[in-house]
Amino acid sequence: MVFRPNWDEFQNFSSYIEYMESQGAHKAGIAKVIPPPEWIPRKTSYYSEDIMNIIIPAPICQDVRGKQGIYQQLNIQKKSMTVKEYRKLAESPEYMTPCHFDYADLERKYWKNIIYKCPIYGADVSGSITDKDVDVWNINKLGTILDFVNEDYGVKIDGVNTAYLYFGMWKTSFSWHTEDMDLYSINYIHEGSPKSWYAIPPEHGRRFERLASGFFPGDFSICQSFLRHKMSLISPQLLSKYSIPYNKITQEQGEFMITFPFGYHAGFNHGFNMAESTNFASPRWVEYGKRATLCRCRSDNVKINMSTFVKRFQPEKYDLWIKGIDVGCHPEDPTRTFAAPLRS
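Residues numbered from 1 in each chain as written. Predicted model: local features only at pLDDT ≥ 70, side-chain atom pairs only at ≥ 80, totals over all residues. Heavy atoms only, no water.

A. Up close: helix 4 (residues 103-112). Listing the buried residues of helix 4 in full gives Asp105, Leu106, Glu107, Tyr110 and Trp111. Measuring from the side-chain oxygen of the N-cap residue of helix 4 to the backbone nitrogen of Ala104 gives 3.3 Å; that N-cap residue is Asp102. (Buried < 20%, exposed > 50% of the residue type's maximum accessible area, 1.4 Å probe, protein only. Helix = DSSP H or I, 4+ residues; strand = E, 2+ residues; numbered from the N terminus. Polar contact = N/O pair within 3.5 Å; in protein donor to acceptor, adjacent residues only side chain to side chain.)

B. Just empty space enclosed by the protein, in detail. Scanning all chains against the criterion turns up 1 cavity of 30 Å³ or more. Volume-wise, the largest cavity comes out at about 30 Å³. Every element with two or more residues in the lining of the largest cavity is listed here: helix 4, strand 12 (232-234) and strand 15 (265-269). Its residues placed into classes, the lining of the largest cavity shows 7 nonpolar, 1 polar and no charged. (1 Å grid on protein atoms, 1.4 Å probe; cavity = no way out; pocket = protein on both sides within 12 Å on 5 of 7 lines; lining within 4 Å. Points joined across faces, edges and corners; volume = space filled by probe spheres on them. Nonpolar A, V, L, I, M, F, W, Y, C, P; charged D, E, K, R; others polar.)

C. Highlighting the pattern of salt bridges. Throughout the structure, instances matching the rule amount to 20 salt bridges. The salt bridge partner of Glu209 is Arg206, with a shortest N-O separation of 2.9 Å. Taken as a pair, Glu209 and Arg206 lie in helix 6 (residues 205-215) at a separation of 3 residues, close to a single helical turn. The exposure class assigned to Arg206 is buried, which follows from its relative accessible area of 12%. Residues joined in a network through salt bridges with shared partners are Glu287, Lys290, Arg291, Lys317 and Asp326. (Salt bridge = Lys/Arg side-chain N within 4 Å of Asp/Glu carboxyl O.)

D. How the structure looks around the sheet that holds strand 13 (residues 247-251). Strand order in the open sheet made by the 4 strands is 9-15-11-13, with antiparallel pairing throughout. Among the strands making up the open sheet, the edge pair consists of strand 9 (173-177) and strand 13. Between one strand and the next, the sheet's axes are offset by a mean angle of 15°, whatever the strand orientation. Sheet topology note: the strand 9/strand 15 ladder contains 3 bridges and is antiparallel. If you follow Ser173 over to strand 15, its bridge partner there is Phe268. (Pairing = 2+ DSSP bridges. Axes fitted to C-alpha atoms, helices over the stretch in contact; angles between N-to-C directions.)

E. Structural detail: the nonpolar core. Met20, Trp137, Trp285 and Phe309 are the most contacted members of the largest nonpolar core, which has 72 residues in total. Not counting residues within four places of it along the chain, the set of residues in contact with Trp137 comprises Phe10, Phe13, Tyr16, Val33, Trp39, Leu142, Ile186, Phe256 and Ile258. Counting residues in hydrophobic clusters, the runner-up holds 19 residues, among them Met52, Ile56, Cys61 and Tyr95. (Core = buried A, V, L, I, M, F, W, Y, C linked by side-chain atoms within 4.5 Å. Contact = heavy atoms within 4.5 Å.)

F. Fine view of the sheet that holds strand 12. Strand order in the open sheet formed by 10 strands is 1-2-14-10-16-8-7-4-5-12, with mixed pairing between adjacent strands. Both edges of this open sheet fall to strand 1 (2-3) and strand 12, since each of them pairs with a single strand only. Here strand 1 pairs with strand 2 (residues 30-33) via 2 bridges, running parallel. Along strand 2, the bridge assignment pairs Val2 with Lys32.

G. How the structure looks around the layout of surface pockets. Here the largest pocket defines a volume of roughly 1,200 Å³. As for the largest pocket, its lining consists of 39 residues, and the residues nearest its centre are Asp124, Tyr164, Tyr166, His229 and Lys230. If you list the elements that add at least two residues to the lining of the largest pocket, you get strand 4 (60-67), strand 5 (70-77), strand 7 (120-126), strand 8 (164-168), strand 9, strand 10 (184-192), strand 11 (195-199) and strand 16 (273-280). For the lining of the largest pocket, a count of residues per class yields 14 nonpolar, 16 polar and 9 charged. A volume near 520 Å³ is recorded for the second largest pocket.

So yeah, pure geometry; function would need other evidence.
Shown next as structure tokens:
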């Protein structure tokens, strides 16, 4: 679904997300928001010195291997570079976007050439390029209930409750994943080329996981939540072949994408661009966060202590949860009931 709020509707971020869900936006796992023309995230040029001199500390070379619609993406860390240097690289003949008729033609070229010529992604750069005085839909200060993580525990999690910047080039990809703790996410393209997104309706998330575990049995045997490693790419043709419903949408410069709890998504950049992203939460997320399956094989995976959220938004379940007898099902998987785990 695509939403075009007017200036009044745009004023309260959490209320507008609630309105989107009242219209069923979350059922697709993803939705687009086109902000009103009055909303200006940055008054000065995106090519001014302060942005061009931002350091990308760990650009990643994305080496994709595989065949017939099943691929693994290995990220090889490169030495740091400035955004100015990165842009020059992205727009060079070696890395630039190929000639194409339309988005469908470019999508075909992406999947046809996915294993050739590793692109370099300036991903996960801490910071914001939104003006500090922007009070509405400022990715660095959305003002959702996720702020309790910082307020109650004094914990800042880079890119989760703080903003991350992404500098993309043609063919840089994000592999199939749901957000950490099955949170919501927001992504805004400040400047440059579009992103193509694929998304799976959350109600089909478990079916998708089963399909992926069959395609990547080695990874699944090591970690049942291997999709959280963000290394697995599966083509839309293969999803169609195995009757997994999916949506695709292209995000243009000046547009937001919202992903919803337990909404698997993946995608790629069309060329050089600058995007900003973070996670957020709503009361509806709390049950997802309590019952999210997490990766246990990596020490750096994000875990959020759910205590403050259960206490505030599910007080009637708090004692049961503390005792380990809060039995129920994941909101998108009614087939299995279990006690929600305690995580600290």
